[in-house]
Amino acid sequence: MNDVRPPVRAIPVDTLCESKCDVVVLGCGIAGLTAAYELQRSGLSVVMVDRAEECGGSHRSRNIGPYTFDSGSVFFEPTHPMFDMFDGILETCQPVLRKQGRIAPDGTVRHYPFAASEFLTWPLLLQLRGISSLLTRRLHASGQESAEAFCLSRLGHVIYEYSGLKYYIARFHHAPASEIDILFCEKRMNFILEGTRIPAMARTMWRLLRGRSTLPQRTYPLRVRPRDGFGALYGAIRTQLENKGVSFRLGARVLELARENREFRVKTTHGDIVARNVVGAITLESMCQLALGEATGLEKIDLLTLFISVSQIEGFEGNVLFNFHRLGEWKRLTIYSRIYGKAKEREYFSVEIPLASDGSRDALAAFRNFCRDVAQMGIFSKDLVLHDFDILEDAYPFYRKGCGAKISDAIGRIETFGIIPVGRQGRFAYLPVSALVIESTRAILTEAATRLRKSNVPP
Ligand SMILES: Cc1cc2nc3c(=O)[nH]c(=O)nc-3n(C[C@H](O)[C@H](O)[C@H](O)COP(=O)(O)OP(=O)(O)OC[C@H]3O[C@@H](n4cnc5c(N)ncnc54)[C@H](O)[C@@H]3O)c2cc1C
């Protein structure tokens, strides 16, 4: 396997000097880049800081021989705001139909997330049990603090279990859904709420009675990152921001966030930056530690991604497959060869495995487990090759039951300190797609506009 560590880079001498600006933006993921774009448009000078060597945050790729794999995002809506913000980006992202499936607990590949027509393929007794449990739960819905209580109240226990949703949620967290806060479902599984409202269910029943599938497949193409990886996309965005005057300090760790009267001093491994404002798109945990010396008490989920090739994939025609089976640690696989074409006559894909906070990070062991589990599921031929792996820290917030108060408290403390937290990391929010990250960052900056000041203008 290739060495996964980035090359050690010498720090340019000029970046070690103290510099001044109106706003320091912490984090060069999509939230930080959006903030920089909006702030420079309103006439403020911006310096961006990130510990990574490249922009893009959780959108990162790995080139290995003829293959390019990702650790994070892959699909963008065609109306993604990034395409309006930055020139020429849309053209580099080719249109592709997203064809998603899921492995259900019975081993069959089904529609993702769930098609009511699938219900009709179940044995009659199971169908009757499903309807009875759904109606009972809907009529006697009680407290919904946990993800499990929410799912049961909307779906009943039979659909919840036989669809595999129960296993997916537990796999995602390394914890049973009864320990997960309803916040997870509100952020990540809104489709359950939408699909189980009375008018939606009535429409579903009507379609089923007329013999049609309930959930129309998405027929318009989404956009995907350039063939060679996210580097090309975020490199172009960085250049455009630099041309507008935004400065970048990449590969720089933040050491401390201090307040000095009306200014902030951001101490980094590449020198200090003094600014009137700080926008924080790094983790809420980091900001609390660096600014206040306090922990949030919040948990996170890191993600192990395996980069794999295989001569043939059997039993699945699409490009994204979710694991709703009882077996396996992996939760999703993305088949790049179904998007960009095969390489060396081989299919290639990435496999996402959520990591338990105290669990193993052994990629080889995870690969062996994956081979064992998919052999039982019958979807791959036998010559799977592991090319490399990546670990994405803070891939998801862990919504432990009752964590809402801790999130509000941590955000409140950071705002009182004077930092404006944005993005999935800065607000500890499961914003499932990057378009929502942009939307939410813009809304927060608009609200904070009157507080953002230039360094040389007295308040
Ligand atoms: C596996 C996965 C698949 C996804 N799939 C899709 C998809 O298909 N389509 C889609 O639109 N969205 C998808 N998303 C969601 C999307 O990627 C994220 O919502 C978005 O990238 C989050 O942006 P962000 O800027 O808030 O955080 P991030 O992208 O995580 O950026 C945070 C930045 O802060 C930096 N940082 C953190 N701590 C520190 C520190 N202490 N000091 C310095 N720097 C620090 C990090 O290096 C990083 O660059 C996916 C996400 C994941 C995890």
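**With respect to the nonpolar core**
And then number 1: With 121 residues, the main nonpolar core has Val24, Val25, Ala36, Val46, Cys151 and Leu306 as its most contacted residues.
And then number 2: Here this core takes nine residues from helix 6 (residues 147-162), the largest share from any one element.
And then number 3: Excluding residues within four positions of it along the chain, Val25 makes contact with Gly32, Ala35, Ala36, Val46, Met48, Val279 and Ala281.

**Focus: helix 11 (residues 230-243)**
And then number 1: Look at helix 11: 20 Å from first C-alpha to last across 14 residues, which is about the 20 Å you get at 1.5 Å a residue.
And then number 2: Within helix 11 the residues assigned to the buried category are Phe230, Leu233, Tyr234, Ile237, Arg238 and Leu241. Buried residues of helix 11, viewed axially, fall in a sector of 130°; they line one side. Those residues of helix 11 that are exposed and angled more than 90 degrees off the buried face are Thr239, Glu242 and Asn243.
And then number 3: Tucked inside the fold, the buried residues of helix 11 contact helix 1 (30-41), strand 3 (61-64), strand 4 (67-70), helix 3 (89-92) and strand 10 (247-250).
And then number 4: A positive phi of about 105° marks Gly245, the residue just after helix 11.

**Some points on the sheet that holds strand 14 (residues 299-310)**
And then number 1: Overall, mixed pairing links the seven strands, which are arranged 8-7-15-16-17-14-18 in an open sheet. Each end of this open sheet is capped by a strand with a single partner; those strands are strand 8 (109-111) and strand 18 (385-398). Each adjacent strand pair in this sheet contributes to an overall mean axis angle of 25°, direction not counted.
And then number 2: The pairing of strand 14 with strand 17 (residues 347-355) spans nine bridges and is classified as antiparallel. Residue pairing for strand 17: Ser309 is matched across the bridge by Tyr348.
And then number 3: Along the sheet, helix 7 (residues 165-173) makes contact with strand 14, strand 15 (320-323), strand 17 and strand 18, crossing strand 15 at roughly 90°.

**Looking at the site of the ligand**
And then number 1: Contacts to the ligand come from 34 residues, most closely from Gly27, Gly29, Gly57, Ser73 and Gly423.
And then number 2: Counting only elements with at least two residues in the shell around the ligand, the list comes to helix 1, strand 5 (75-76), helix 16 (423-426) and helix 17 (434-448).

**Structural notes on the confidence of the model for the protein chain**
And then number 1: Of all residues in the protein chain, 93% attain a pLDDT of 70 or more, and the chain-wide mean is 91.
And then number 2: In the model, residues 1-11 has pLDDT below 50 throughout and makes eleven contacts with residues more than four positions away in sequence or in other chains.

**Brief notes about unusual backbone geometry**
Glycine aside, residues mostly have negative phi angles, and peptide bonds mostly take the trans form.
And then number 1: In this model, Tyr112 is joined to Pro113 through a cis peptide bond whose omega is 0°.
And then number 2: By the secondary structure assignment, Pro113 is in the loop between strand 8 and helix 4 (116-119).
And then number 3: Here the phi dihedral of Lys344 falls at roughly 50°; this positive angle occurs in a residue that is not glycine.
And then number 4: Note that Lys344 resides in the loop between helix 13 (337-340) and strand 17.

**Re the environment of Leu364**
And then number 1: Within the element layout of this structure, Leu364 appears in helix 14 (residues 363-377).
And then number 2: As for Leu364 and Ser337, which are separated by 27 residues in sequence, their C-alpha atoms are 23 Å apart.

**Focus on the packing of helix 1 against helix 17**
And then number 1: Interaxial distance between helix 1 and helix 17 falls to 9 Å at its minimum, and their mutual angle equals 45°. If you check the angle between helix 1 and helix 17, you find them oblique. You can see that helix 1 and helix 17 cross each other, and the crossing is right-handed. Seen from helix 1, the contacting residues are Ile30, Ala31, Thr34, Ala35 and Glu38; seen from helix 17, they are Ser434, Val437, Ile438, Thr441, Arg442 and Leu445.
And then number 2: When grouped by side-chain class, the residues that make up the contact of helix 1 with helix 17 number six nonpolar, three polar and two charged.

**Re the environment of Ile182**
And then number 1: Note that Ile182 resides in helix 8 (residues 182-188).
And then number 2: The class of Ile182 is buried, set by 21 C-beta atoms lying within 10 Å.

**Let's talk about helix 7**
And then number 1: Counted residue by residue, helix 7 has eight buried out of nine residues, so it is predominantly covered.
And then number 2: Inspection of helix 7 places Leu165, Lys166, Tyr167, Tyr168, Ile169, Arg171, Phe172 and His173 among the buried residues, and these make up the whole buried set.
And then number 3: Structurally, helix 7 contributes buried residues whose contacts are with helix 6, strand 14, strand 15, strand 17 and strand 18.

**Some thoughts on the pairing of strand 15**
And then number 1: Where burial is concerned, the two faces of strand 15 agree: the one with Val320 and Phe322 and the one with Leu321 and Asn323 are both buried.
And then number 2: With four bridges connecting them, strand 7 (residues 100-103) and strand 15 associate as parallel partners. Bridged to Gln100 within strand 15 is Val320.
And then number 3: As paired strands, strand 15 and strand 16 (residues 332-335) are joined by three bridges and run antiparallel to one another.

**Topic: the sheet that holds strand 5**
And then number 1: With respect to topology, three strands assemble into an open sheet ordered 5-9-6, the strand pairing being antiparallel. Edge strands, defined here as strands with exactly one partner in the open sheet, are strand 5 and strand 6 (95-96).
And then number 2: The sheet contact formed by strand 5 and strand 9 (residues 222-224) spans two bridges and is antiparallel. Within strand 9, the position partnered with Phe76 by the bridge is Arg223.

What counts and what doesn't
Residues numbered from 1 in each chain as written. Predicted model: local features only at pLDDT ≥ 70, side-chain atom pairs only at ≥ 80, totals over all residues. Core = buried A, V, L, I, M, F, W, Y, C linked by C-beta atoms within 7 Å. Buried ≥ 20, exposed ≤ 12 C-beta atoms within 10 Å, placed from the backbone. Helix = DSSP H or I, 4+ residues; strand = E, 2+ residues; numbered from the N terminus. Contact = placed C-beta atoms within 7 Å. Expected span 1.5 Å × (residues − 1). Arc of directions from axis to C-beta. Pairing = 2+ DSSP bridges. Axes fitted to C-alpha atoms, helices over the stretch in contact; angles between N-to-C directions. Near = placed C-beta within 6 Å. pLDDT = per-residue confidence, 0-100. Parallel < 35°, antiparallel > 145°, perpendicular 65-115°, else oblique. Left-handed = near helix turned anticlockwise from the far one by under 90°. Nonpolar A, V, L, I, M, F, W, Y, C, P; charged D, E, K, R; others polar.

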